[in-house]
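Listed below, chain by chain, are the residues.
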Amino acid sequence: MSGTQDRLVYMANQIARNFAVQGEAVAIAATARHILDFWDPRMREAILAGDRAGLSDIAAGAIARLQASP
Amino acid sequence: MGYEPQADFGTPEVRADTQVTLTIDGRSVTVPAGTSVMRAATTSGGAIPSLCATDSLAAFGSCRMCLVEVEGMRGTPASCTTPVAQDMIVRTQTPRLEKLRRGVMELYISDHPLDCLTCSANNDCELQDTAAEVGLRDVRYGYAGAHHLGQQPDLSNPYFLFAPDKCIVCSRCVRACDEVQGTLALSVEGRGFASKISAGQRADDFLSSDCVSCGACVQACPTSALMEKSVKEHGKPERAVITTCAYCGVGCTFRAEMRGEQLVRMVPWKDGKANRGHSCVKGRFAWGYAHHQDRITTPMIRESVDQPWREVSWDEALAFTAGRISAIKAQHGARALGGITSSRCTNEETFLVQKLVRAGFGSNNVDTCARVCHSPTGYGLKTTFGTSAGTQDFDSVMDADVILVIGANPTDAHPVFASRMKRRLRQGAQLIVIDPRRIDLVRSPHVQAAHHLPLQPGTNVAVLTAMAHVIVTEGLADEDFVRDRCDWDEYQDWARFVSDPQHSPEFLEAVTKVPAAELRAAARLYATGGNGAIYYGLGVTEHSQGSSTVMAIANLAMATGNIGRPGVGVNPLRGQNNVQGACDMGSFPHELSGYRHISDGATRTMFEQDWGVALDPEPGLRIPNMLDAAVDGTFKAIYIQGEDILQSDPNTHHVAAGLAAMDCVIVHDLFLNETANYAHVFLPGSTFLEKNGTFTNAERRIQPVRKVMEPANGLEDWQVTQALANALGLGWAYTHPAQILDEIARLTPTFAGVSWDRLEREASLQWPVNDQFPDGAPVMYVDGFVRGKGHFVVTDYVPTDEKTGPRYPLLLTTGRILSQYNVGAQTRRTANTAWHPEDVLEIHPLDAENRGLKEGDWARLASRTGETSLRVSVTDRVAPGVVYTTFHHPETQANVVTTDYSDWATNCPEYKVTAVQVTPSNGPSDWQEDYAGLTARSRRIAAEPAE
Amino acid sequence: MTAVRISDDALALACGADALAAAFEAAGCAVERVSSWGMHWLEPLVEIDGMGFGPATPEDVDAILSGKSAKAIGPIAAHPFIAGQQRLTFARAGRTRALSLEDYERTGGWAGLERARRIGPEHVLDEVARSGLRGRGGAGFPAGVKWRTVAQAPGARKFIVCNADEGDSGTFADRMLMEGDPLQLIEGMAIAAHAVGAAQGYIYIRSEYPHAIRKLRDALKLCADIIAPFTIDVRVGAGAYVCGEETSLLNSLEGKRGEVRAKPPLPALQGLFGCPTVVNNVLTLAAVPHILAEGGAQDYEARGTGRSKGTMPIQLAGNIRHGGLYETSFGITLNQLIFEIGGGTASGRPVKAVQVGGPLGAYLHPGQFDIPFDYEAYAAADALIGHGGITVFDDTADMAALARFAMEFCAAESCGKCTPCRIGSVRGQEIIDRILSGGRQADAVELLPQMHNARLAQRSQAEEVQLLEELCAVMKDASLCALGGFTPYPVVSALRHWPADFGLGAR
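Note that the coordinates shown come from a computational prediction; the quantities given were computed from them, not determined experimentally. (Residues numbered from 1 in each chain as written. Chains lettered and ligands numbered in written order. Predicted model: local features only at pLDDT ≥ 70, side-chain atom pairs only at ≥ 80, totals over all residues. Heavy atoms only, no water.)

## Examining helix α4 (residues 172-181) of chain B
Residue and element names in this part refer to chain B.
- Extensive coverage of α4 is indicated by the burial of 8 of its 10 residues.
- Buried residues in α4 make contact with α3 (126-133), β6 (186-189), β7 (196-199), α5 (216-220), β8 (226-228) and α12 (415-426).
- Gly-182 lies just past α4 and shows a positive phi near 80°. (Buried < 20%, exposed > 50% of the residue type's maximum accessible area, 1.4 Å probe, protein only. Helix = DSSP H or I, 4+ residues; strand = E, 2+ residues; numbered from the N terminus. Contact = heavy atoms within 4.5 Å.)

As structure tokens, this is what we get:
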């Protein structure tokens, strides 16, 4: 992994992947909640501001949800 | 406390429902049925002379000093082996007994050295005391007969010696090794008069034998036949202070036996509830680092890390540090500052460091080394049970019927608890081991695992899911318990998930490499074998699915009803002495003490009012994120107390880059550790012997740490943190850690009832201690879970992204060894190096042969992250395809090889799975040689103060 | 074809029984190898149609077959040595083949076990208690009490352990029984197992008994179905006398160092592997089938004297003319055994002393030869019945040397666990040497000026004797097991009855 942005995308995807078994809707909410609970604001800002191409569907959904109500 | 040996009641305490009343020397004595006459006499104030009896060991009856007369019984039975009976009438002192005891003592002394005055046990010797008690005045046999005198002592062990001519062959050492330690290294060789204590085979000495140097034999010896070399050197101690060991998470309590400021020896405290009078080689003997020449006792600063260090006064060092921090804060804001608390420091010190970061620096960028060990435990157990802690006390293992050990190696990493566990296993409890390596517990004297599941590293969740599959599909779940105590709907979801044929042991065998039949048998045993207790360690947490594994374990315990009583539970074995405490104290960036989220307004307000400052409501950075942010330029300064992240954290190159990018790295430690190579400020630390405070062990037991000597640097660590806080203008005025503990209690509901005074009185408390649990909670969830209903979490197996391939075909897993501790900062500076002078790579014979490697060869260990070199040990303890090493030595730096992969929920590094290649090598790698040069340059200290 | 019976007992073999058997076979006879009648001075003993010839050699074959042998002793069963006995345990001695199920059944074998199974464990326990059978290993503890303790002890696993570590000097009854009638021992163990609820038995036998080991193993194969589901394993000791002590034996069986355990806990409650265990001697267990046969208990109880009931297989050995196995009811005297039955010493010299009960038994003086053979009467005379071994010495015996030997034996065989035995036995030898040399001067250590409290004056012979007596008291009262505890018996008895041998005046 290189660069903070790559690492943040990887982390978000990893969280999402572990919640995925609970179904997409629940997983998106849980991933968003997890990022809110455990990520420093600059990390959240960075992933919101950065390229989201590498995010999985669930992770992208979670980030979109955070964007809507940070 | 003055120096007096702890009372010895001769035989172990007996617990019984019925009491028996008897008469001993005319006094009426009431004791539990089954108690020995000896113990009944001693507890009622009339000790009976004895030599082979000690209350840590089962009665043996060999010395024949403790004979008594019992009305209605023939002869003179030994009081140690004779149980009391109702209305028994015992006489312990009659002319006949006097004569017999003197006669036996006369025999002992006819074969014993006579120069007591120059003996290291002089005035601390049970043989001497007993000879005095029985009034021996004449040895009529003379001294010309057969004897054992003049034999050479065995000096091989670095810490104690064995002088066979002082041995009275009471077998206390042999029995201590058998019963207390469970290693069975010692035996009696020969018979009759030729009987001789022997370590291992005839050619062995103590060092070459199976002896693990736990010290139990030395403690048990009634003479100076087995004696600490430190007592020989310094003399008999004159005072003893009870304190708590600063090594692993077992939390053994010791008597630090002192002469003036000189620590003479550490002896396990018999009343310690964590260790019950036992110890290991580290706590018992490896305290010499406290006086090691490498110890830094003067503060040092430098403008940049390429300069030599400059020794300065505390005032100058603190002013320099405060100046840098303030400047950075002014330029980059509070969130550019952070700190790391230490699991080796006290609760009070840890609490102050996080308070300094939150209230002084103004950020929540505080983390602790639990990030890299047990953070998944916190997450997983809080999610499922509601509390971030193990459920049991250590005593609980004595009620377990089936013990499941997963990802832990207790005989090396938690040796004192392992001895308890082995005692229970010898009593007949059954053992299941889930570990890629054949750890010692799998098969050792009188212990054999019923099932060893040697799984492929990284497949914990798959194995546990397969076990759950067996339990659910074979109808072995305790549904009554689940209905009563857990969320039934969640359970059903979980049960449906695990019942899927894709989660069967047979289906998953390809992934886990665990034979399905063996896994099925293990699952059945755990579910149906009586009280099932799970013990786990970093082999569970240090994975990309560490948190999932913890939750999978919790699921298994709930599904089988193994929660809420002695003998069951989910028990994380904590790596460092105060991991539990550091976590409890609010060391994580997202939560305040007592595991309350920083975003919780009510909690934050309580702290803000108490501390008189506003707190940042957003979570801060975790350690790896701090390092990322440092490289990105948004994180500039860090205060690291008692941690060596360069050596202990994964991907050394990345850690080094992060540290190098910072403007102010403050290392507060005993030694110039590896992290200090990148530091601008070095604040000398104090050892656990030099400070007051408390540690909290793996069973949530809060125990006092007491200052037995003045700090070499003049200040306890909490005082240094306070001085730094005050240099930043915070105006703290604590005069004793008791006040900090009061503040913790005031702000933390689970600690509400804890105070220094109470710990002085009660010796230890197991949190929660509050109105609901006024005396603490040895076993949790007796009446229900903290979060209400137990929460089943579906844990899907997600393979790690760290994959083997043609270039890196082997899986590396790391761990620790008995004689060394963590990064070795302490143990490497003791004689413990006699057992483990360097890290070695364990490799299976097949893999070794394929690579042309033989025992002791140098090998290059390379991963996608980095490479290092070390010697190999060829052993089938590891499976083909798996290699193993320890991370104790900076010369090896095993973490050069480990990766950035981490637990999905907590970022706990995936130390346990790294794809590597191993090839023959000529010696240390280029990197190792470069690093040695860097270290030498970085550790330069200017000859004269610059002023 | 003439049928010839010759024993394959180890003693007969040592005297040349195999060569003799071969000679008879060469002479065209059918030779049947049977157990020994127990008349040692006549081995190898040849039996043809009930008539005996012995001790026979191959050279005697022709004379025997032609009816002209001078070795003829007439009908064996009528021989006074045999006719005077009351053989219950050794009823088959000389009469059957050890490994013949047919012989065994024909002579009443399995009747006890069958009846025991019929009447049930509770009645078995009652009958063993009623018979008055006591442990034949030496301690004389009532077998019925021990069995009932095991039967009532809680625990799913229980064991029957047969102590066949026969190591006393002058004893051979266990060996003869195991070589000659192994099925009877097995039947006894099976009855015990049935009574107490044990599924597994062990026979702990000394390695010096290879023939017995082989016979037992073969016998167990023969009767496995009969005693099933009970099973028995034969375990071979490694040569330690102290492993005949029951707790040491259990440690050895468990694979541990043969070291004595403190009692309590009694083996009956926590014995082998911590489980309730019957530990009985070979003769005790072998007496059981007779007791359990119809009317056996009553018959057994009716014999003997006082609290010593039934019969005892007494072993006559040492310097005796007619040595061998003599089973008779309790109450017989040494006078009868040595002179009337044993025919006095083999050397023809006067009897000086008799040691009863093995190397730890007291030396009895001819003045005591009228004491009835009875546990309590012997105890009252500071003597032991032990395992029933009787070793005769003539007037050339040096009783001080024998006393010293007792200490030496104890030192050699001590497990080393308890102090009185471990150190006391060594000091005991040293004191006896000093008594014989008339006392002692202060030694080099005592004479050092640094030794403030040591006595400098000479210690007289009388003082050394007193020290020996005190040492014996310490060993007797303070030792952990009978090895150290009984060693004083031969020492003190020798000192008491033969002071002159120690260079002392009459005491």
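## With respect to the interface of chain B and chain A
- Between chain B and chain A, the residue contacts involve 36 residues of the former and 22 residues of the latter.
- Overall, the association of chain B and chain A removes approximately 2,400 Å² of surface from exposure, summing both partners, and the carbon and sulfur fraction of that is 50%.
- The interface formed by chain B and chain A contains 4 salt bridges.
- As a salt-bridge pair, B:Asp628 and A:Arg7 come within 2.4 Å of each other at their nearest N and O atoms.
- Looking at the side of chain B that touches chain A, the element that brings in the most residues is helix α22 (residues 623-632) of chain B, giving 5 residues.
- Broken down by class, the residue content of the side of chain B that touches chain A amounts to 15 nonpolar, 12 polar and 9 charged. (Buried area = accessible area lost by both parts, 1.4 Å probe. Salt bridge = Lys/Arg side-chain N within 4 Å of Asp/Glu carboxyl O. Nonpolar A, V, L, I, M, F, W, Y, C, P; charged D, E, K, R; others polar.)

## So, the domain arrangement of chain C
- Domain assignment breaks chain C into domain 1 (3-83), domain 2 (101-302), domain 3 (304-394) and domain 4 (399-502).
- Spacing between the C-alpha centres of domain 1 of chain C and domain 4 of chain C amounts to 49 Å. (Domains from an automatic or database assignment.)

## Comments concerning the pattern of salt bridges
- According to the stated counting rule, one finds 93 salt bridges over all chains in the structure shown.
- The partner of C:Arg440 in a salt bridge is C:Glu464, with the nearest N and O atoms 3.9 Å apart. Here C:Glu464 lies in helix α19 (residues 461-478) and C:Arg440 lies in strand β17 (residues 439-440), a separation of 24 residues in the sequence.
- By relative accessible area, which is 9% here, C:Arg440 ends up buried.
- Classification of C:Glu464 by relative accessible area gives buried; the value is 1%.
- A single salt-bridge network, built from bridges that share partners, covers B:Asp138, C:Arg434, C:Arg440, C:Asp443, C:Glu446, C:Arg459 and C:Glu464.

## Quick word on unusual backbone geometry
Residue and element names in this part refer to chain C.
- A cis amide bond, omega -5°, links Glu-43 with the succeeding residue Pro-44.
- Position of Pro-44 among the secondary structure elements: in the loop between β2 (30-34) and β3 (46-48).
- Of the consecutive residues Gly-54 and Pro-55, the connecting peptide bond is found in the cis state with omega at -10°.
- Along the chain, Pro-55 falls in the loop between β4 (51-53) and α3 (61-65).
- Positive phi, close to 55°, is recorded for Asp-382, a residue that is not glycine.

## Description of the sheet that holds strand β32 (residues 840-843) of chain B
All names here are of chain B.
- Strand order in the closed barrel made by the 6 strands is β31-β35-β32-β34-β33-β36, with mixed pairing throughout. Within the sheet, the average angular offset between the axes of one strand and its neighbour, ignoring direction, is 45°.
- Note: strand β33 (residues 858-863) against strand β36 (residues 914-920), 5 bridges, orientation antiparallel. Its bridge partner lying in β36, Arg-860 is registered against Thr-919. (Pairing = 2+ DSSP bridges. Axes fitted to C-alpha atoms, helices over the stretch in contact; angles between N-to-C directions.)

## Considerations on the packing of helix α8 (residues 314-332) of chain B against helix α25 (residues 717-727) of chain B
Residues and elements named next belong to chain B.
- At a minimum axis separation of 9 Å, α8 and α25 run at an interaxial angle of 55°. Here α8 lies oblique to α25, going by the angle between them. By crossing handedness, the relation of α8 to α25 is classed as right-handed. Listed contacts from α25 to Trp-314, Leu-318, Thr-321 and Ala-322 of α8 are Val-720, Ala-723, Leu-724 and Ala-727.
- Of the residues belonging to the contact of α8 with α25, the class tally is 7 nonpolar, 1 polar and no charged. (Parallel < 35°, antiparallel > 145°, perpendicular 65-115°, else oblique. Left-handed = near helix turned anticlockwise from the far one by under 90°.)

## Things to note about the packing of aromatic side chains
- What the rule picks out here adds up to 40 aromatic pairs over all chains.
- Measuring from ring centre to ring centre gives 5.1 Å for A:Phe19 and B:Trp904, while their planes differ by 80°; the resulting arrangement is edge-to-face. Taken together, the residues A:Phe19 in helix α1 (residues 4-19) and B:Trp904 in the loop between β35 (882-886) and β36 connect one chain to another.
- Seen from their ring centres, B:Trp927 and B:Tyr931 are 5.0 Å apart, and the 15° between their planes marks the pair as stacked. With B:Trp927 and B:Tyr931 both in helix α29 (residues 926-938) and 4 residues apart, the pair spans about one turn of that helix. (Phe/Tyr/Trp six-rings, centres within 6.5 Å; stacked < 30°, edge-to-face > 60°.)

## So, the interface of chain C and chain B
- At the junction of the two partners, chain C supplies 41 residues and chain B supplies 40 residues.
- Taking both sides of the interface into account, the surface hidden between chain C and chain B amounts to around 3,200 Å²; carbon and sulfur atoms contribute 56%.
- Our enumeration of links across chain C and chain B arrives at 4 salt bridges.
- Taken together, the links from chain C to chain B amount to 23 residue pairs in polar contact (both at pLDDT 80 or more). (Polar contact = N/O pair within 3.5 Å; in protein donor to acceptor, adjacent residues only side chain to side chain.)

## Structural notes on the sheet that holds strand β30 (residues 765-766) of chain B
All names here are of chain B.
- If you walk across this open sheet you meet the 3 strands as β28-β29-β30, and the pairing is antiparallel. Edge positions in the open sheet fall to β28 (693-696) and β30, since each of these has one partner strand only.
- Across 4 bridges, the pairing between β28 and strand β29 (residues 701-705) is antiparallel. Bridged to Thr-694 within β29 is Pro-704.
- Contacts from helix α9 (residues 347-361) reach β28 and β29, with the element oriented near 95° to β28.

## Some points on the arrangement of the chains
- The highest contact count of any of the 2 pairs of chains in contact belongs to chains B and C.
- No part of chain A reaches chain C; the closest C-alpha pair between them is 49 Å apart.

## What to know about the confidence of the model for chain C
- Averaged over all residues, the pLDDT of chain C equals 96, while 100% of them reach at least 70.
- We note a pTM of 0.94 for the whole complex and an ipTM of 0.96 for its interfaces. (pLDDT = per-residue confidence, 0-100.)

## Brief notes about the pairing of strand β6 (residues 159-164) of chain C
All names here are of chain C.
- Within β6, 6 of the 6 residues are buried, which leaves it mostly tucked inside the rest of the structure.
- Burial of β6 is two-sided: the residues Phe-159, Val-161 and Asn-163 facing one way and the residues Ile-160, Cys-162 and Ala-164 facing the other way are all buried.
- Where β6 meets strand β7 (residues 200-205), 6 bridges bridge the pair, whose relative direction is parallel. Paired with Asn-163 across the strands is Tyr-204, a residue of β7.
- Here 5 bridges tie β6 to strand β9 (residues 277-281), and the two strands are oriented parallel to one another. Pairing of Val-161 across the sheet is with Val-279, part of β9.

## Things to note about the side chain of B:Thr696
Residue and element names in this part refer to chain B.
- Relative to the assigned elements, Thr-696 resides in strand β28.
- Judged by its relative accessible area of 0%, Thr-696 is buried.
- A polar contact of 2.9 Å, which involves the side chain of Thr-696, links it to the side chain of Asn-347.
- Not counting the four nearest positions on each side in its chain, Thr-696 is found in contact with Asn-347, Asn-577, Asn-578, Gln-580, Gly-581, Asp-584, Arg-701, Ile-702 and Trp-767.

## What to know about empty space enclosed by the protein
Residue and element names in this part refer to chain B.
- This model, assessed by the stated rule, comprises 13 cavities of 30 Å³ or more.
- Computed from the structure, the largest cavity encloses a volume of approximately 590 Å³.
- What lines the largest cavity is a set of 40 residues, among which Leu-538, Gly-539, Thr-814, Gly-815 and Lys-912 lie closest to the centre.
- Sorting the residues of the lining of the largest cavity by element identifies α18 (538-541) and β31 (810-815) as the ones contributing at least two each.
- Looking at the lining of the largest cavity, the element that brings in the most residues is β31, giving 3 residues.
- Classifying every residue of the lining of the largest cavity gives 17 nonpolar, 17 polar and 6 charged.
- Reported here for the second largest cavity is a volume of approximately 270 Å³.
- Per-class residue counts for the lining of the second largest cavity are 8 nonpolar, 9 polar and 6 charged. (1 Å grid on protein atoms, 1.4 Å probe; cavity = no way out; pocket = protein on both sides within 12 Å on 5 of 7 lines; lining within 4 Å. Points joined across faces, edges and corners; volume = space filled by probe spheres on them.)

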